[in-house]
Amino acid sequence: MAVQPTYKSSHPGIDDLREQAKRNIPRFAFEYLDGGCNEDVNLIKNTTELRSVELKPYYLQNFGGTDMRTELFGHVYDAPFGIAPVGLQGLIWPNSPEILARAAHRHNVPFILSTVSTSSIERISEITEGKAWFQLYHPAEPAIRDHVVQRAATAGCPVLVLLSDVPSFGFRPRDIRNGLAMPPRLTAKNIMQIMGKPGWALRTLIHGQPHFATMKQYMPKGMSMKQLGAYMNKTFSGRMNADRIAPIRDQWKGKLVLKGVASEEDAEMALRLGFDGIIVSNHGGRQLDAGQSAIRSLEPIAAKFSNKMTVMMDSGIRSGPDIARTLASGAHFAFLGRTFMYGVAALGNEGGDHTISILKVQLQQVMEQICCAHTSAFTKHKI
């Protein structure tokens, strides 16, 4: 049964959640969540250029109501959006992967777990009854790669997402200043920030120091923070190519999605290599400051490939109207990352449900306003 949208009047919009999150968590955690790379050029463009997309309303047409249900890879979801993968979620808010996975399951929308999140494949699969997707950071060692992929299959994950847009770690000045680069370090300034956020500190104490739960079993015991940084750099080799994709495609029996597509050439290769879908993305503006915004990459890709494979998008999407703009630009589905982390950092255990409810209410209002009966009809409204 679908969960009916309800939301708190004290936090009616995503901007309210962002401001509350900023008050609730240490500065280093908020800046890790909120920031981009280099000078934040693409971070800002992602949302501003998405919001330049305009929709045409039809006020005199007959209208029988809205239907947000969307079929994706054989499953009918209750809304055309899902929760994008975010690394180190438990650093931002303790236990947040589980909070968001539960909310996604209740609302029947997809949740994607990152390899470098702070909950394991098995735990999230248990919470979602095998419905969560899994995003793979490509391990350098084939044995680790194959074992992680097998774990995702055994856990029942229906969709495996291969990440392609992290061939190198992004240059993020805030994280470097805050000691969140690899290896991370705890500075006196960070300790003072933690002391100023007792709610976050208490919950972190209860749930324990965040760690890479999925990868923990592959890490040598007793590893220091300095060794952890070297290990992560050695373990993950992010650049994808046909030779690296082929054994994963052969092993994986479920749906396979390539995330981080930003060019027609890569979309064409994804189609040739047997991917079932792509997520057009620039990693939320956290990797390449000199690239296009996600919406500018999406438009030509969707025009050429949306009738050949499932085309989705993340990066820069913050609200229900943003989801509408994304779908109107040719995407079949939208994913949001920061938006949901703002929600859980603002409201804790209630944050996932509340954020999904806001997005549903906002999206339905747009559909009713422009006379769009189903999400597949949004393209008819783009000006």
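Treat the numbers as computed from the prediction; the structure is a model and nothing was measured.

Rules behind the numbers
Residues numbered from 1 in each chain as written. Predicted model: local features only at pLDDT ≥ 70, side-chain atom pairs only at ≥ 80, totals over all residues. Heavy atoms only, no water. Helix = DSSP H or I, 4+ residues; strand = E, 2+ residues; numbered from the N terminus. Rg over C-alpha atoms; globule rule 2.2 N^0.38 Å. Buried < 20%, exposed > 50% of the residue type's maximum accessible area, 1.4 Å probe, protein only. Contact = heavy atoms within 4.5 Å. Lys, Arg positive; Asp, Glu negative; His and termini not counted. Charge placed at Lys NZ, Arg CZ, Asp CG, Glu CD. Pairing = 2+ DSSP bridges. Polar contact = N/O pair within 3.5 Å; in protein donor to acceptor, adjacent residues only side chain to side chain. Axes fitted to C-alpha atoms, helices over the stretch in contact; angles between N-to-C directions. Core = buried A, V, L, I, M, F, W, Y, C linked by side-chain atoms within 4.5 Å. Phe/Tyr/Trp six-rings, centres within 6.5 Å; stacked < 30°, edge-to-face > 60°. Lys NZ or Arg CZ within 6 Å of the ring centre and 35° of its normal. Parallel < 35°, antiparallel > 145°, perpendicular 65-115°, else oblique. Left-handed = near helix turned anticlockwise from the far one by under 90°. Nonpolar A, V, L, I, M, F, W, Y, C, P; charged D, E, K, R; others polar.

Participant: Report on the overall build of the protein, specifying residues and quantitative values.
Facilitator: A count of helical and extended segments in the protein gives 17 helices and 10 strands. Taking 383 residues into account, the globule formula puts the C-alpha radius of gyration at 21 Å, and the protein, at 20 Å, falls close to it. Its C-alpha atoms give the protein principal-axis dimensions of about 65 × 50 × 40 Å. Residues counted as buried form 56% of the 383 residues belonging to the protein. Contacts in the protein between residues far apart in sequence, at least 24 positions, make up 74% of those at least 6 positions apart. Taking the average place of the 43 positive charges on the side chains of the protein and the average place of its 34 negative ones, the gap between the two points comes to 4 Å.

Participant: Which residues make up the pairing of strand β6 (residues 159–163), and what values do they have?
Facilitator: The buried fraction of β6 amounts to 5 of the 5 residues, a majority that puts the element mostly inside the structure. Burial along β6 is two-sided: the residues V159, V161 and L163 and L160 and L162 are all buried. Looking at chain direction, strand β5 (residues 133–136) and β6 are connected through 3 bridges and run parallel. Looking across to β6, one finds that L136 is bridged to L162.

Participant: Go over the environment of T128 with me, naming the residues and quoting the values.
Facilitator: Take T128: it is sitting in helix α6 (residues 121–128). For the pair formed by T128 and C157, sequence separation is 29 residues and the distance between their alpha carbons is 9.6 Å. Setting aside residues no more than four positions away along its own chain, T128 makes contact with A101 and H105. In this structure the side chain of T128 is engaged in a polar contact, spanning 2.9 Å, whose partner is the backbone oxygen of I124.

Participant: Would you mind going over the sheet that holds strand β8 (residues 277–280) in detail, with residue names and values included?
Facilitator: Judged by pairing direction, the sheet is parallel, and its 8 strands sit side by side in the order β3-β10-β9-β8-β7-β6-β5-β4 without closing on themselves. Strands at the two margins of the open sheet, each flanked by one partner only, are β3 (81–83) and β4 (112–114). For this sheet, the mean inter-axis angle between neighbouring strands, taken without regard to orientation, is 25 degrees. Pairing geometry for β8 and strand β9 (residues 310–313), over 4 bridges, is parallel. Bridge pairing in β9 places I279 opposite M312.

Participant: Now, about the nonpolar core: what can you tell me, with residues and values included?
Facilitator: In terms of nonpolar packing, the biggest core is built from 100 residues, with L162, I278 and F378 touching the most fellow members. Ignoring sequence-local partners within four residues, the contact set of L162 consists of L136, M240, I245, I248, L256, V257, L258, K259 and F275. In this structure, W133, V159, F333 and F335 belong to the second largest nonpolar core, which totals 12 residues.

Participant: Hey, could you go over the packing of aromatic side chains for me, with residue numbers and the actual values?
Facilitator: Throughout the structure, instances matching the rule amount to 6 aromatic pairs. For the pair F28 and W200, a centre-to-centre distance of 6.0 Å together with 85 degrees between the ring planes defines the contact as edge-to-face. Residue F28 is found in helix α2 (residues 27–34), and its partner W200 is found in helix α10 (residues 198–207); the two are separated by 172 residues along the sequence. Here the aromatic residues F73, Y77, W133, F333 and F335 are joined through ring pairs into a cluster of three or more. Positioned over the ring face of Y32 is R286, at 4.8 Å from the centre of the ring.

Participant: If you had to explain the packing of helix α5 (residues 96–107) against helix α17 (residues 351–370) to someone new, which residues and values would you point to?
Facilitator: As a packed pair, α5 and α17 sit with axes 8 Å apart at the nearest point and diverge in direction by 45 degrees. As summarised for this structure, α5 and α17 are arranged oblique, according to the angle between their axes. With respect to the hand of their crossing, α5 and α17 are arranged in right-handed fashion. In this structure, α5 contributes I99, L100, A103, A104, R106 and H107 to the contact, and α17 contributes G352, D353, I356, S357 and K360. Class assignment for the residues of the contact of α5 with α17 results in 5 nonpolar, 3 polar and 3 charged.

Participant: Tell me about unusual backbone geometry, and name the residues and values.
Facilitator: A negative phi holds for most residues other than glycine; trans holds for most peptide bonds. Look at N38: it is not a glycine, yet its phi comes out positive at around 50 degrees. Within the secondary structure, N38 is located in the loop between α2 and α3 (41–50). Taking relative accessible area as the criterion, N38 reaches 32% and is therefore assigned partly exposed. For S315, which is not a glycine, the phi torsion comes out positive at approximately 90 degrees. On the accessibility criterion, S315 (6% relative accessible area) is buried.

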